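# Results of the structural survey
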Amino acid sequence: MTSIETLPFFADKIIHDITTMAPRDYGNEAYRVTTEDQIYVVRRLKRGETDAQVEYRAGNLAHAAGIAPEIFLYDADKALMVLEFIPGEHRTHLNDAEIIHLARILRGLHSISYRDEDLPHIDLRHLIEPDRPEIIAAFATVERFPLQPALCHHDLTPRNILWNHDEPLLIDFEFAGVGDVCFDLAAVCVEFGLNSEMSEIFFTSYFGNEVCSREKLSAWETLYRALRRQWFARHGIDQIP
């Protein structure tokens, strides 16, 4: 394993400290590297089910839009990234103002222009097992509505939304790709436990005067819960955090 101190990226920098960031039961290793003039995050990429090149492309697009940290280096051979460190916190509950702000950030993400050849198109029919009647019904519902394709994050858990003061930033684009915007919106509703009133604030802030079926959004919430349950089961995690 390559030592962080020996990476060419840090050759002209004086490293003062390397600290392991909060460990997880799954995912990539991450380290906070403090130099004489800046703090960086070094991520060792070890999850085989994602494409780090796609993460790099999507992360760069999001950074250019002002909604994600800068990626200074992606080294495919060493399987690591060096990113901008941004101080902040991960919030598990949101107030109305934060919901509105996050909706606008996601609208910005979904408005980013991309080249089809640079990003995979995510087909959830290959990822979610129709092992329950409600999942089959939810797929039937979403198929009745037009696809709203966009660059989606596809993993909008609280740990992947960093609040720098009251400014939300998106991190960890490991599962990014082209998908229906309603999947990301459903993820936020489920992960943050938004009630009907808060969900309405969220959807109205996101769509503005556009019309979007609440039936479709509800079906996507069902599919997101199914994917979440099945993903944790596949990774041997009994208790969903």
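In the block above lies the structure referred to throughout.
Residues numbered from 1 in each chain as written. Predicted model: local features only at pLDDT ≥ 70, side-chain atom pairs only at ≥ 80, totals over all residues. Heavy atoms only, no water.

## Here's the deal with the pairing of strand β8 (residues 167-170)
In the sheet, strand β7 (residues 161-164) pairs with β8 via four bridges, with the strands oriented antiparallel. Bridge pairing links N164 to E167 in β8. In this structure, the hairpin formed by β7 and β8 is closed by a connection of two residues, where H165 is found at a positive phi of approximately 60°. (Pairing = 2+ DSSP bridges. Helix = DSSP H or I, 4+ residues; strand = E, 2+ residues; numbered from the N terminus.)

## Let's talk about the nonpolar core
Among the nonpolar cores identified, the biggest contains 53 residues, and L106, L170 and F202 are the most heavily contacted of them. Sorting the residues of this core by element identifies α1 (52-64), α2 (96-110), α3 (133-142), β6 (149-152), β7, α4 (181-191), α5 (196-207) and α6 (214-234) as the ones contributing at least two each. No other element matches α4, which puts nine residues into this core. Those residues within four positions of L106 in sequence are excluded, and the remaining contacts are L156, L170, L185, V188, F202 and Y206. (Core = buried A, V, L, I, M, F, W, Y, C linked by side-chain atoms within 4.5 Å. Buried < 20%, exposed > 50% of the residue type's maximum accessible area, 1.4 Å probe, protein only. Contact = heavy atoms within 4.5 Å.)

## Focus on the sheet that holds strand β5 (residues 80-84)
Pairing within the open sheet is antiparallel, and its five strands lie in the order β1-β2-β3-β5-β4. Two strands lie at the open edges of the sheet, namely β1 (15-20) and β4 (71-75), each paired on one side alone. Averaged over all pairs of adjacent strands, the angle between their axes in this sheet comes to 20°, without regard to strand direction. Where strand β2 (residues 29-35) meets strand β3 (residues 39-44), six bridges bridge the pair, whose relative direction is antiparallel. Residue pairing for β3: Y31 is matched across the bridge by V42. Its contacts with the sheet place α1 against β3, β4 and β5, and it is angled at close to 170° to β4. (Axes fitted to C-alpha atoms, helices over the stretch in contact; angles between N-to-C directions.)

## Observations concerning α2
Compared with the 21 Å implied by 1.5 Å per residue over 15 residues, the 21 Å span of α2 between its first and last C-alpha is a close match. Taken together, the buried positions of α2 are E98, I99, L102, A103, I105, L106, L109 and H110. Buried residues in α2, looked at end-on, bunch into an arc of 165°, giving them a common side. Away from its buried face, by an angle of more than 90 degrees, α2 presents the exposed residues A97 and R104. Residues of α2 that are buried make contact with β6, β7, β8, α4 and α5. Of the residues flanking the start of α2, the one acting as N-cap is N95, its side-chain oxygen 3.1 Å from the backbone nitrogen of A97. (Expected span 1.5 Å × (residues − 1). Arc of directions from axis to C-beta. Polar contact = N/O pair within 3.5 Å; in protein donor to acceptor, adjacent residues only side chain to side chain.)

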